[in-house]
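What follows is the residue order along each chain.
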Amino acid sequence: MKRKITAKNQYTTYANHPLVSGDVRAYEICLDLGEDVVEAEFKVTAIRADGKVIEDIGKVQSGIATYTMAANMYSVPGELTVRLAVLHDSSVLTDREIVFQVLEGATGTVGAET
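Residues numbered from 1 in each chain as written. Predicted model: local features only at pLDDT ≥ 70, side-chain atom pairs only at ≥ 80, totals over all residues. Heavy atoms only, no water.

## A look at the overall build of the chain
Logical step 1: Along its length, the chain carries zero helices and nine strands.
Logical step 2: Listed N to C, the secondary structure of the chain is β-β-β-β-β-β-β-β-β in terms of helices and strands.
Logical step 3: Seen through its principal axes, the chain has C-alpha atoms that stretch 55 × 25 × 25 Å.
Logical step 4: Classification of the 114 residues of the chain by burial places 39% in the buried group.
Logical step 5: Taking the average location of the 11 positive side-chain charges in the chain and that of its 16 negative ones, the two points are 3 Å from each other. (Helix = DSSP H or I, 4+ residues; strand = E, 2+ residues; numbered from the N terminus. Buried < 20%, exposed > 50% of the residue type's maximum accessible area, 1.4 Å probe, protein only. Lys, Arg positive; Asp, Glu negative; His and termini not counted. Charge placed at Lys NZ, Arg CZ, Asp CG, Glu CD.)

## Quick notes on the pattern of salt bridges
Logical step 1: Counted according to the given criterion, the structure contains three salt bridges.
Logical step 2: In this structure, the salt-bridge partner of E55 is K43, at a minimum N-O distance of 3.6 Å. Note that E55 is positioned in strand β6 (residues 53–61) and K43 in strand β5 (residues 41–47), a separation of twelve residues in sequence.
Logical step 3: E97 serves as the salt-bridge partner of R83, at 3.3 Å between the closest nitrogen and oxygen. On the criterion of sequence distance, the pair formed by R83 in strand β8 (residues 78–88) and E97 in strand β9 (residues 91–103) is long-range, its members being 14 residues apart.
Logical step 4: Assessed through its relative accessible area of 40%, R83 is described here as partly exposed.
Logical step 5: Exposure remark for E97: the relative accessible area of 12% places this residue in the buried category. (Salt bridge = Lys/Arg side-chain N within 4 Å of Asp/Glu carboxyl O.)

## Some remarks on the pairing of β9
Logical step 1: Here three bridges tie strand β2 (residues 12–14) to β9, and the two strands are oriented parallel to one another. Bridge pairing in β9 places T12 opposite E97.
Logical step 2: Sheet analysis places strand β3 (residues 19–20) next to β9, joined by two bridges and oriented parallel. When the sheet's bridge partners are listed, V20 is paired in β9 with L103.
Logical step 3: Taking the residues between adjacent antiparallel strands as the criterion, β8 and β9 are bridged by two residues, where D89 takes a positive phi near 50 degrees. (Pairing = 2+ DSSP bridges.)

## Here we look at the packing of aromatic side chains
Logical step 1: Counted according to the given criterion, the structure contains one aromatic pair.
Logical step 2: Relative to Y74, the ring of Y27 lies with its centre 5.0 Å away and its plane at 85 degrees, an arrangement referred to as edge-to-face. Taken as a pair, Y27 in strand β4 (residues 27–32) and Y74 in the loop between β7 (64–68) and β8 lie far apart in primary sequence, 47 residues in all.
Logical step 3: A residue is classified by how much of its surface remains accessible, and Y27, at 4% relative accessible area, is buried. (Phe/Tyr/Trp six-rings, centres within 6.5 Å; stacked < 30°, edge-to-face > 60°.)

Pasting the structure below:
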């Protein structure tokens, strides 16, 4: 089951719950645009604690921008800043950011013999 994370109306949202490295397709970011925007693009940029920048594209449908976070975005423990931008014809219609804490997930193989 995915955890739904909603970007608030202010520019920066501090997430109430941490992300856990090792989870796969576990987190979906949602941004309510308030109106339907035809042919818009949802650009997602993650800046990990190690400084690596990862970019991807979500979707916009019926006035809601959504993106299921790629696991490599939250694979490094520490602070993660995710910038969200809705673009139309290369112009930014709206932008936000969400700041997360990433926790290290369990390591090793489940059921492995010791």
